[in-house]
Amino acid sequence: MITKGNFLLMERREFRDWLKAQTITRKIERLQVHHTAAPNYVTRRMVAGLAQQDHFACLEGMRTFHLSQGWSGTGQNITTFEDGKIAISLDRNLNATPAGIKGANTGALCIEHVGNFDKGGDTMTEAQRDTIVHLYACLCEKLSITPSVNTIVYHAWYKADGTWLGDYAAGKSSKTCPGTAFWGAGNSKAAAQKSFIPDIAAELAKLKNGDGDEMTTEEKAAFKTLQETVAAQAKRIETLEGREQMAKVPAWAEAACVAAKKAGVIDTANDGSYDFYRFITVLYRRGFFGTVGAVPVKEAK
Ligand SMILES: [Zn+2]
């Protein structure tokens, strides 16, 4: 996690815990979905999947542009990158109403995904895709939002004046944002319902089931030790239980059993437990069944 200038930059795996520690003081019931269009993968100078431009340079560039529009700070609350990193706008923290969709920002959180996801634009990286799904799922978890097309909304589903259209309609929608090829499916309500919303719902379910946390190397080592301990204990119990009922009269108890039977103390010496044979043997040695025989009594360990 790095703080520099007006932004906090973190890895995908750091986001959930960071978010859990935040105190939300305003009601947030909608999560906006935007692409930046510019900057994009080209202006980020991607070479072999890695951007050559510094994250903070990109973020400050957007902020400078937003300020030039007369805005009070960076428009969005959160930004995602092609390498899966997440940036929080410190000048537009989660408790500040964003400048994402004119007329529809109250109660909303604005998330900008760096890239141009219109047809013919950038192809979203796997890393950014994974981050986007995880990010919205974590926000749903924290803010008690059920993923749906009414709670996770595309910019394109609004008119320029902020009127809700509920779907993309060319000529009516203010923009194509988050892109006509967003999520490989487009920016329509049907496209969101088919893949984007279910992907987030699945991730949210994973988080709630506790599958979301990847184990660290130390945790994995501790878990392996625990597994080995359990396996060793199981083997020990199996051995002890096997000892409980003896398959046949142990050699060291034979003389005692014969004497006990002869004395009419027991009917049968078969199927006894280890403790039974020990007990009979102790009694035999004390002369309870007559004279101790000449056979040396030798106990098993
Ligand atoms: Zn937008």
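Residues numbered from 1 in each chain as written. Predicted model: local features only at pLDDT ≥ 70, side-chain atom pairs only at ≥ 80, totals over all residues. Heavy atoms only, no water.

Asker: So what exactly am I meant to see when it comes to the coordination of the zinc ion here?
Answerer: The protein atoms that coordinate the zinc ion are His 34 (ND1), His 155 (ND1) and Cys 177 (SG), at distances of 2.1 to 2.3 Å. Between consecutive donor residues of the zinc ion, the sequence gaps follow H-x120-H-x21-C. Here His 34 is found in strand β3 (residues 30-35), whereas its partner Cys 177 is found in the loop between β9 (152-154) and α4 (189-208), with 143 residues between them in sequence. (Donors = N, O, S within 2.8 Å, 3.2 Å for Na, K, Ca; no water. Helix = DSSP H or I, 4+ residues; strand = E, 2+ residues; numbered from the N terminus.)

Asker: What should I look at first to understand the domain arrangement of the chain in this one?
Answerer: When the parts come together, some accessible area is lost, and that loss is often what is quoted as the size of the interface. Segmentation of the chain into domains returns domain 1 (2-214) and domain 2 (218-285). Placing the centre of domain 1 and that of domain 2 at their C-alpha centroids yields a distance of 66 Å. (Domains from an automatic or database assignment.)

Asker: Would you mind going over the packing of helix α6 (residues 254-262) against helix α7 (residues 274-285) with me for this structure?
Answerer: The description of two helices packed together rests on the angle between their axes and the distance between the axes. Packing of α6 against α7 leaves a shortest axis separation of 9 Å and a crossing angle of 75°. As judged from the angle between their axes, α6 and α7 are roughly perpendicular. Between α6 and α7, the contacting residues are Ala 255, Ala 256, Cys 257, Ala 259 and Ala 260 on the first element and Tyr 277, Ile 280, Thr 281 and Tyr 284 on the second. In terms of residue class, the contact of α6 with α7 is built from eight nonpolar, one polar and no charged. (Axes fitted to C-alpha atoms, helices over the stretch in contact; angles between N-to-C directions. Parallel < 35°, antiparallel > 145°, perpendicular 65-115°, else oblique. Contact = heavy atoms within 4.5 Å. Nonpolar A, V, L, I, M, F, W, Y, C, P; charged D, E, K, R; others polar.)

Asker: In this structure, what is going on with the pattern of salt bridges? I would like to understand it.
Answerer: Oppositely charged side chains may form a pair once their charged atoms are brought near each other. Scanning the entire structure with this criterion turns up six salt bridges. With its nearest N and O atoms 3.0 Å apart, the salt bridge here joins Arg 44 to Glu 82. Note that Arg 44 is positioned in the loop between β3 and β4 (46-47) and Glu 82 in the loop between β6 (78-80) and β7 (86-89), a separation of 38 residues in sequence. Here Arg 44 matches Glu 82 in class, with each residue buried. Beyond isolated ion pairs, a larger network of salt bridges with shared partners links Glu 11, Asp 83 and Lys 85. (Salt bridge = Lys/Arg side-chain N within 4 Å of Asp/Glu carboxyl O. Buried < 20%, exposed > 50% of the residue type's maximum accessible area, 1.4 Å probe, protein only.)

Asker: Please clarify how the nonpolar core should be interpreted in this entry.
Answerer: A general feature of soluble globular proteins is that nonpolar side chains tend to end up buried together. Ranked by size, the top nonpolar core spans 44 residues in total, and within it Phe 15, Leu 31, Ile 78, Tyr 136, Leu 139, Ile 152 and Phe 196 carry the most contacts. Elements represented by at least two residues in this core include exactly β2 (7-10), α1 (12-20), β3, β7, β8 (108-113), α3 (126-143), β9 and α4. Tallying contributions element by element places α3 first for this core, with nine residues. With 16 residues, the next largest nonpolar core counts Ala 260, Ile 266, Ile 280 and Phe 289 among its residues. (Core = buried A, V, L, I, M, F, W, Y, C linked by side-chain atoms within 4.5 Å.)

Asker: Looking at this model, I keep getting lost on the environment of Asp 83. Mind explaining?
Answerer: Relative to the helices and strands, Asp 83 resides in the loop between β6 and β7. Asp 83 sits 201 residues away from Tyr 284 along the chain, and the two C-alpha atoms are 80 Å apart. In this view, Asp 83 contacts His 55 and Ala 127; residues no more than four positions away in its chain are not counted. A polar atom in the side chain of Asp 83 sits 2.8 Å from the side chain of His 55. (Polar contact = N/O pair within 3.5 Å; in protein donor to acceptor, adjacent residues only side chain to side chain.)

Asker: In this structure, what is going on with the environment of Arg 44? I would like to understand it.
Answerer: Arg 44 sits in the buried class, given a relative accessible area of 0%. With residues near it in sequence (within four places) discarded, Arg 44 still touches Ala 51, Gln 52, Gln 53, Asp 54, His 55, Cys 58, Phe 81, Glu 82 and Val 114. Engagement of the side chain of Arg 44 in a polar contact is seen with the backbone oxygen of Gln 53, the distance being 2.9 Å.

Asker: Can you walk me through the packing of α1 against α3 in this structure?
Answerer: Running from N to C, α1 and α3 cross one another at 15°; their axes reach a closest spacing of 10 Å. With respect to α3, the axis of α1 lies roughly parallel. When you trace α1 past α3, the crossing you get is right-handed. Contacts between α1 and α3 involve Arg 12, Phe 15, Arg 16, Leu 19 and Lys 20 from the first element and Ala 127, Asp 130, Thr 131, His 134, Leu 135, Cys 138, Leu 139, Glu 141 and Lys 142 from the second. Residue composition of the contact of α1 with α3, by class: six nonpolar, two polar and six charged. (Left-handed = near helix turned anticlockwise from the far one by under 90°.)

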